[in-house]
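# Architecture and fold: a report
Letter by letter, the chains look like this.
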Amino acid sequence: MLMTENEKVLGEERRQLLIATLKKATKALPGRELGELTNVSRQVIVSDITLLKARNEPIIATSQGYVYMHPQAVPERYEKTIVCRHTPGQAEEELNIFVDNGVTVKDVRIEHPVYGDLSASIMVSNRSDVKEFIHKVSEVNGVFLLKLTDGGIHLHTVIADNEQQIQNAEDALRKADILVD
C-alpha cells in the first residue's frame, strides 16, 4: 500500500494493516511506531488494538509495545506459576534472576482486596528487556502491582525451554529470599 506523506489509513483497512504488520514483526512494536506507519495518533492505535482484541486477535500489550502471539509451532516450552514476595526496590533483581536463568516472565498477577485478581503482561526475556521495563515504570511514576497487596505477594507466569531452567531460577530466588515456598 502506498500512501502520501500525511494520508491517514482509515478504519478497517488500518486495522488489517496493523494485524499484518504485527504478524510480520520480530519484536514488539510501540503504539507510536504503528501510529506513524498509518498516520494516526497513538490513541487511535490503542483503540484499534482494543477492537482487534475484542475480535479475538491474539495481540498482547507489553512494556515494549504490541506483540501478535502466533500459534506455537516451536518445540514444547515449560510453563509454571511462581509465587514471589519482595520490595519494589528488588523488582529488577527478581526479573534479572529469571532471565539470567533462561526464563521468560510472561506476566504478574495479584489478588486485590477490592478488584479481585489483577494481572499485567510483562514479557521480559533478557536483561535489556528488564532494564527497559524498569525504566518505563520509573518514567511514568508507575506502581508495581505488588504494592497493591498485603505484603507484596504476587505471582508470575514463567516459561522456559526446559524444567531445569525454571528450577535454577527458583533456587536463585530462594537464595535471594524472594521465592515464597
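In what follows, the structure referred to is the one given above.
Residues numbered from 1 in each chain as written. Predicted model: local features only at pLDDT ≥ 70, side-chain atom pairs only at ≥ 80, totals over all residues. Heavy atoms only, no water.

## Regarding helix α2 (residues 31–38)
Every buried residue of α2 is listed here: Gly31, Leu34, Gly35 and Thr38. Buried residues of α2, seen end-on, are gathered within an arc of 105° and therefore sit on one face of the element. Those residues of α2 that are buried lie in contact with α1 (11–24), α3 (42–54) and β2 (65–68). One or two positions beyond α2, positive phi appears at Asn39, with a value near 60°. (Buried < 20%, exposed > 50% of the residue type's maximum accessible area, 1.4 Å probe, protein only. Helix = DSSP H or I, 4+ residues; strand = E, 2+ residues; numbered from the N terminus. Arc of directions from axis to C-beta. Contact = heavy atoms within 4.5 Å.)

## Focus on the pairing of strand β6 (residues 153–160)
Within β6, six of the eight residues are buried, leaving the element largely enclosed by the surrounding structure. Two strands pair when backbone bridges link them, and strand β3 (residues 78–85) and β6 are joined in this way by eight bridges, in the antiparallel orientation. Its bridge partner being in β6, Arg85 is matched across the sheet by Ile153. Bridge analysis of strand β4 (residues 104–112) against β6 gives five bridges, and the strand direction is antiparallel. Directly across from Val108, in β6, lies its bridge partner His156. (Pairing = 2+ DSSP bridges.)

## Focus: the nonpolar core
With 27 residues, the main nonpolar core has Ile82, Phe98, Val124, Phe133 and Leu173 as its most contacted residues. Secondary-structure elements contributing two or more residues to this core are β3, α4 (91–100), β4, β5 (116–124), α5 (127–139), β6 and α6 (163–175). Element by element, the count of residues in this core is highest for α4, at five residues. Dropping the residues within four chain positions of it, Val124 is found in contact with Gln64, Leu95, Val99, Val103, Thr104, Val105, Asp129, Val130 and Phe133. Counting 12 residues, the second-largest nonpolar core is a separate cluster that includes Leu22, Leu34, Ile49 and Tyr68. (Core = buried A, V, L, I, M, F, W, Y, C linked by side-chain atoms within 4.5 Å.)

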